[in-house]
Amino acid sequence: MNKRKATQLLVEFTVDLSSLLLANLISFFICTAIKKIPTITKQSVWIYLISLVLSFCVIFFGFSVSLDLSVRSRTREFLAVLRNCLLTYMTLSVALVLTRSDLINGRYMFLISLTLFIVFSGINRYFSKRLLIRHFTNSGFVNLVGVITVGYRAFDFVSNLQQDWTRHIKGVAVIDAEYQNGKYFFPGSSGSGGTKVAAKSSAVEYVSTVPVVANMSNVVDWVRREPLDEVYINVPYEYENEIAGLAEEIESMGVIVHINLPALEKLVENSEFDNVECTMVAGYPTATLTAARQLPLSAVILKRLVDIIGGLLGSLISLPIILIVAVPLLIESPGPLIFKQPRVGKNGRVFNIYKLRSMYVDAEERKKELLAANEMNGFMFKMDNDPRITKVGRFIRRTSIDELPQFWNVLKGDMSLVGTRPPTLDEFSKYESHHKRRLSMRPGITGMWQVSGRSEIKNFEDVVKLDCEYIDNWSAWLDIKIIFKTIGVVLRGIGAK
């Protein structure tokens, strides 16, 4: 985690936790004064405090906003505060019930502290954010940065780098500049996007408020004497030989060096994605390109933990329902109760999906005869009044009861509660390259497609678009919203046929 994200997380954690503790302390005194607090023991107080802090930590680290606080809108900040506060107290309620705390009856303290928590957290975040951005660059925590680049890249690169409030740029070394009479002259050229830089006849003292301090002849001396934590080198391919030795010498000073990879620039420029990570692999510098952002380990663990809990609860709830519908289902169509079918999961892994059998036993053989009636434009098969579906099958499909055995797939790790729809082997064999991206996350029992009127979506490309939207914008909060939408869709019988 970089310094900006770490600092942002630490400040928000401190601000929110202090707001929570202060809100509970004030509410305790208020309820004591108006005699609206139950009789409690010292042990109950400790249980309450531990439950409170643990609930806060679970929600904070599970739902923290990764977006840079300097670009968050007030509305987004308030919604994040409101969401975290409500989820913290929902989690606290469950903890108090499980621990049989005396304070579960302290509804006045509960409501007052929740209200104060929302108010304090919102106000504290507002002021701490502005204080942090305004004063961080003057503190001892800021990273002191030097930039080495060429004239036509200097303005855009420095301006973008200045947006990171945890870095203070001390100076810019323009390696293709000429030094005459105590001034630096940039070569006449057009910058990226047609941006004009200074002509050779004009001296340039500053690049976006940052002083120009060196060129190729004295850049090493400048880095050696200047207090710097990091140096960013951004130059085109033709300077490769000069920069290799320069980067090595700066590294030997103990300064962190960030250097662009000119060979990758065209590749990234032509790609619709910009997720690139460079690491050493088997002794070689390697660039990793990915269409989707990589989830942090904490998010992966949280999602899997929720899947395990949800899979267990879902299996327990599903068992009596499955036993009830099994009788009429087997009477109408003798054969296996559970339908097992190979499906394609994360990144092409094949697994067996489990469903209650809603079709006649010979359904797969009869599918070939019905392909001409396919109502889906693309690599999925769907048709109204499918003759292969039994009468009981139509009921369990309309109510989504046929999906209940998939909780076992979730427990096994083949699927997630929320994800993308896993295709059949036949569907997958027809995929084009961009279609496979929808399989870059573990498939789910429900997902964006299922809660967006799945029976009304006739174009497979729209399904891919929804799945990729889910992958690109994944968060624990998005999963919760989809789960609640799924419950509403199932209860109202929307989208299932």
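Residues numbered from 1 in each chain as written. Predicted model: local features only at pLDDT ≥ 70, side-chain atom pairs only at ≥ 80, totals over all residues. Heavy atoms only, no water.

## Thoughts on the packing of helix α2 (residues 42-63) against helix α3 (residues 74-99)
Packing of α2 against α3 brings their axes to within 8 Å, and their N-to-C directions diverge by 140 degrees. Considering their axes alone, α2 and α3 lie oblique with respect to each other. When you trace α2 past α3, the crossing you get is right-handed. The segment α2 lies against α3, with Ile47, Tyr48, Ser51, Leu52, Ser55, Phe56, Ile59 and Phe63 engaging Arg83, Asn84, Leu87, Thr88, Thr91, Leu92, Ala95, Leu96 and Thr99. (Axes fitted to C-alpha atoms, helices over the stretch in contact; angles between N-to-C directions. Helix = DSSP H or I, 4+ residues; strand = E, 2+ residues; numbered from the N terminus. Parallel < 35°, antiparallel > 145°, perpendicular 65-115°, else oblique. Left-handed = near helix turned anticlockwise from the far one by under 90°. Contact = heavy atoms within 4.5 Å.)

## Notes on the sheet that holds strand β7 (residues 230-234)
Within the open sheet, the six strands sit side by side as β5-β6-β2-β1-β7-β8. Their pairing is mixed. This sheet does not close on itself; its edge strands, each paired only once, are β5 (206-207) and β8 (256-259). In terms of strand pairing, strand β1 (residues 143-149) meets strand β2 (residues 167-174) through seven bridges, oriented parallel. What sits directly across from Gly146, in β2, is Gly171. Set on the sheet, helix α5 (residues 151-161) makes contact with β1, β2, β5, β6 (210-214) and β7; between it and β1 the angle comes to about 160 degrees. Along the sheet, helix α7 (residues 240-252) contacts β1, β7 and β8; its crossing angle with β8, the most-contacted strand, is approximately 155 degrees. (Pairing = 2+ DSSP bridges.)

## A short note on the side chain of Arg125
Mapped onto the elements, Arg125 comes out in helix α4 (residues 107-135). A polar contact of 2.6 Å, which involves the side chain of Arg125, links it to the side chain of Asp16. (Polar contact = N/O pair within 3.5 Å; in protein donor to acceptor, adjacent residues only side chain to side chain.)

## What about the confidence of the model for the chain?
Taken residue by residue, the chain gives an average pLDDT of 81. The fraction at 70 or more is 82%. Mean pLDDT in the chain bottoms out at helix α10 (residues 363-370), which sits at 67, and peaks at strand β13 (residues 416-418), which reaches 95. pLDDT under 50 marks residues 190-200. Its contacts with residues more than four places away, or in other chains, come to 25 contacts. (pLDDT = per-residue confidence, 0-100.)

## Digging into a nonpolar patch on the surface
A contiguous nonpolar patch, built from Leu21, Val45, Trp46, Leu49, Ile50 and Leu54 and spanning about 550 Å² of accessible area, is present on the exposed surface. Among the elements that line the nonpolar patch, the one with the most residues is α2, at five residues. Within the secondary structure, Leu21 is located in helix α1 (residues 3-33). For Leu21, a relative accessible area of 38% translates into the label partly exposed. (Patch = residues over 30% accessible without salt bridge, like charges linked within 9 Å, V, L, I, M, F, W, Y side chains within 5 Å. Areas by Shrake-Rupley, 256 points an atom, 1.4 Å probe, with all protein chains shown as cover. Salt bridge = Lys/Arg side-chain N within 4 Å of Asp/Glu carboxyl O. Buried < 20%, exposed > 50% of the residue type's maximum accessible area, 1.4 Å probe, protein only.)

## Some points on helix α11 (residues 391-398)
The set of residues buried in α11 consists of Val392, Gly393 and Ile396. For α11, the arc enclosing every buried residue in end-on projection is 100 degrees, short of the 170-degree limit, so these residues lie on one face. Structurally, the start of α11 carries an N-cap: the backbone nitrogen of Gly393 is 2.8 Å from a side-chain oxygen of Thr390. (Arc of directions from axis to C-beta.)

## So, α3
With 26 residues, α3 extends 37 Å from end C-alpha to end C-alpha; this agrees with the ideal 38 Å at 1.5 Å per step. For α3, every residue scored as buried is listed here: Glu77, Ala80, Val81, Arg83, Asn84, Cys85, Leu87, Thr88, Tyr89, Leu92, Ala95 and Leu96. Count one or two residues on from α3 and you reach Arg100, which has phi positive near 55 degrees. (Expected span 1.5 Å × (residues − 1).)

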